[in-house]
Amino acid sequence: MIEDAEQLLRDNGIQVTAQRLAVLDAVSARPHATADELADDVRASIGAVSRQAVFDALGVLSEKGLIRRIQPARSAARYEDRVDDNHHHLVCRHCGRMVDVDCAAGYRPCLDVVDDFGFAIDEAEVIYWGICGACQKAPAVAGQDSLDRNH
């Protein structure tokens, strides 16, 4: 959980609301969750709140850099509060489980490209794909969509 979420919002020029505080808490508690999963968590925390209010809060918090929006190919957007480093993600092709992967070798080699075309590169988004250990051990189920199973 974020230690002083109210002050964090104020410091970033964001109006403090129960929905925004609950969204920050939900993202902190469940990194890599989808907006729909976070909306369920927020409702469980503060009661009735519209899906749109959660989406709006996620948008504001992402725009201000307080949370990070990640959208792997063929997947819904996911959110996390780990924003102060240049880490990457590993996604299971079968169940969709996502985990953080620290940047290689303790520095940011992914930011050094052969030709930067005049860009000042400050972030790289790398997504590794594979099959997680649980899915490797699970028997294959005929006709099952690759992202239908959850752990």
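One can find the structure itself at the top, above this paragraph.
Numbering of residues starts from 1 in each chain and follows the order in which that chain's sequence is written. Per-residue local features of the predicted model are confined to residues with pLDDT of at least 70, and side-chain atom pairs are confined, for both listing and counting, to 80 or more; whole-chain, interface and lining totals are unaffected and use all residues. To obtain the side-chain values, all non-hydrogen atoms of the structure were used and water was disregarded.

(A) Seen up close, the pairing of strand 4 (residues 88–92). Only protein chains enter the calculation, and the probe is 1.4 Å; a residue is then buried if its accessible area is under 20% of its type maximum, exposed if over 50%, and partly exposed in between. By the criteria applied, helices consist of DSSP H or I runs no shorter than four residues and strands consist of E runs no shorter than two, each listed in order from the N terminus. Most of strand 4 is tucked away, with four of its five residues classed as buried. What makes two strands pair is DSSP finding at least two bridges between them. Note that strand 4 and strand 5 (residues 98–101) share four bridges and pair antiparallel. Bridge pairing in strand 5 places histidine 88 opposite valine 101. Between strand 4 and strand 5, which pair antiparallel in sequence order, lie five residues; one of them, glycine 96, sits at a positive phi of approximately 85°.

(B) Seen up close, the environment of alanine 44. Inspection of the secondary structure assignment puts alanine 44 in helix 3 (residues 35–46). Measuring from C-alpha to C-alpha, the distance between alanine 44 and alanine 26 comes to 10.0 Å, with 18 residues separating the pair along the chain.

(C) Molecular detail of the packing of helix 2 (residues 18–29) against helix 3. The angle between two axes is taken between their N-to-C directions and runs from 0 to 180 degrees, where each axis is a line fitted to C-alpha atoms and a helix contributes only its stretch in contact. Running from amino to carboxyl end, helix 2 crosses helix 3 at an angle of 120°, the nearest separation of the two axes being 9 Å. If you check the angle between helix 2 and helix 3, you find them oblique. Every pair of crossing elements has a handedness; the one defined by helix 2 and helix 3 is right-handed. Listed contacts from helix 3 to Ala18, Gln19, Ala22, Val23, Ala26 and Val27 of helix 2 are Leu38, Asp41, Val42, Ser45 and Ile46. Convention used here: angles under 35 degrees read as roughly parallel, angles over 145 as roughly antiparallel, angles from 65 to 115 as roughly perpendicular, and any remaining angle as oblique. The crossing is said to be left-handed when, going from far helix to near helix, the turn is anticlockwise and less than a right angle, and right-handed when the turn is clockwise. By definition, residues are in contact when any of their heavy atoms lie within 4.5 Å.

Such coordinate-based values are descriptive only and should not be taken to indicate function.
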